[in-house]
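Examination of the molecular architecture
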Amino acid sequence: MTEGHTQETRNRVRSMFDAIAFRYDCLNRMLSFRRDVAWRKALIGALPFANRLRILDLATGTGDVLLALLADRNSENYVVGADISMSMLRGARAKIRRAHKESQSGLVAAAAEALSFASDQFDLVTVAFGVRNFSDRAAGLGEMFRVLKPGGRALILEFGLPRNHVVRTLYLVYFRFVLPYLAGLFSRQTAAYRYLNQSVEAFPECAVFCETLKEAGFQRIAVQQLTFGVATLYIAYKTH
């Protein structure tokens, strides 16, 4: 992938998320039937048993995962949220202020494929439904691996397609036709939600993505299917 093509893809994704930021949370809850809340809980359930973690949350969006990582009142975690959309980051900043978590978090405008952090900085890297939007997937996963400390782990939530034929058929009808229509009514950004189903259907199957994680350097990869395979949680370790 050429640098020009990578930048073009990144700019397109940035513009799309800037356009839907104002209705993003509401539409997520409605269109997923609040399953997005359960999926984030699954990610939080895979956290290490420690309360002083330095965490990087990529594609942080409006900060839902970032705040979930800080929800335990006894937590001493520090979370850096990174995103390429300034509109999303403004939403995250407002939610962080309301939650009084400014001292435990920071926000940066950054692309996953070109992080400014030094190597071996974070105990944990999380990304929820953002890997498929990376303009260069191999580079983004490579950067996640680089900034993790040895022994650290990556927690990746990503959409997938149900294996059951009947469930998959019903899901695709909803995903391809109903969801873009409903999203268009509320956000007037139908194209963004058509991109959603197209990017999900183009995302590699679970076994293939696990191989991509291994190519980036990750080991000890575990997979947890959620909601009939609509979402998948990948847990991958940097062992050296």
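Please read these numbers as outputs of a predicted model, since none were measured by experiment. (Residues numbered from 1 in each chain as written. Predicted model: local features only at pLDDT ≥ 70, side-chain atom pairs only at ≥ 80, totals over all residues. Heavy atoms only, no water.)

1. A closer look at the overall build of the chain
Regarding its fold elements, the chain presents nine helices and seven strands. In terms of C-alpha radius of gyration, the chain reaches 17 Å, essentially the compact-globule figure of 18 Å for 240 residues. With the C-alpha coordinates of the chain rotated into their principal frame, the extents come out at 45 × 40 × 40 Å. When burial is assessed residue by residue, the chain has 53% of its 240 residues classed as buried. A sequence separation of at least 24 residues applies to 73% of the contacts in the chain between residues at least 6 apart. (Helix = DSSP H or I, 4+ residues; strand = E, 2+ residues; numbered from the N terminus. Rg over C-alpha atoms; globule rule 2.2 N^0.38 Å. Buried < 20%, exposed > 50% of the residue type's maximum accessible area, 1.4 Å probe, protein only. Contact = heavy atoms within 4.5 Å.)

2. Some words on the pattern of salt bridges
Using the criterion set out here, one finds eleven salt bridges in the structure. Here arginine 40 ties to aspartate 64 by a salt bridge, and the two come within 3.7 Å at their closest N and O atoms. A residue pair is termed long-range when its members are at least 10 positions apart, and arginine 40 in helix H3 (residues 35–45) and aspartate 64 in helix H4 (residues 64–69) qualify at 24 residues. Across this residue pair, the class does not change: arginine 40 and aspartate 64 are buried. (Salt bridge = Lys/Arg side-chain N within 4 Å of Asp/Glu carboxyl O.)

3. Some thoughts on the nonpolar core
The biggest cluster of nonpolar side chains holds 32 residues, and the ones touching the most others in it are Trp39, Leu69, Leu155, Leu157, Phe159 and Leu233. Mapped onto this core, the elements with two or more residues apiece are H3, H4, strand S4 (122–128), strand S5 (148–159), helix H7 (165–187), helix H8 (190–202) and strand S7 (231–237). Contacts of leucine 233, omitting those with residues within four sequence positions, involve Ala42, Leu43, Ala46, Leu155, Ile156, Leu157, Ala222, Val223, Gln224 and Leu226. Judged by nonpolar contacts, the second largest core, of 29 residues, contains Ala110, Ala112, Val125 and Leu148. (Core = buried A, V, L, I, M, F, W, Y, C linked by side-chain atoms within 4.5 Å.)

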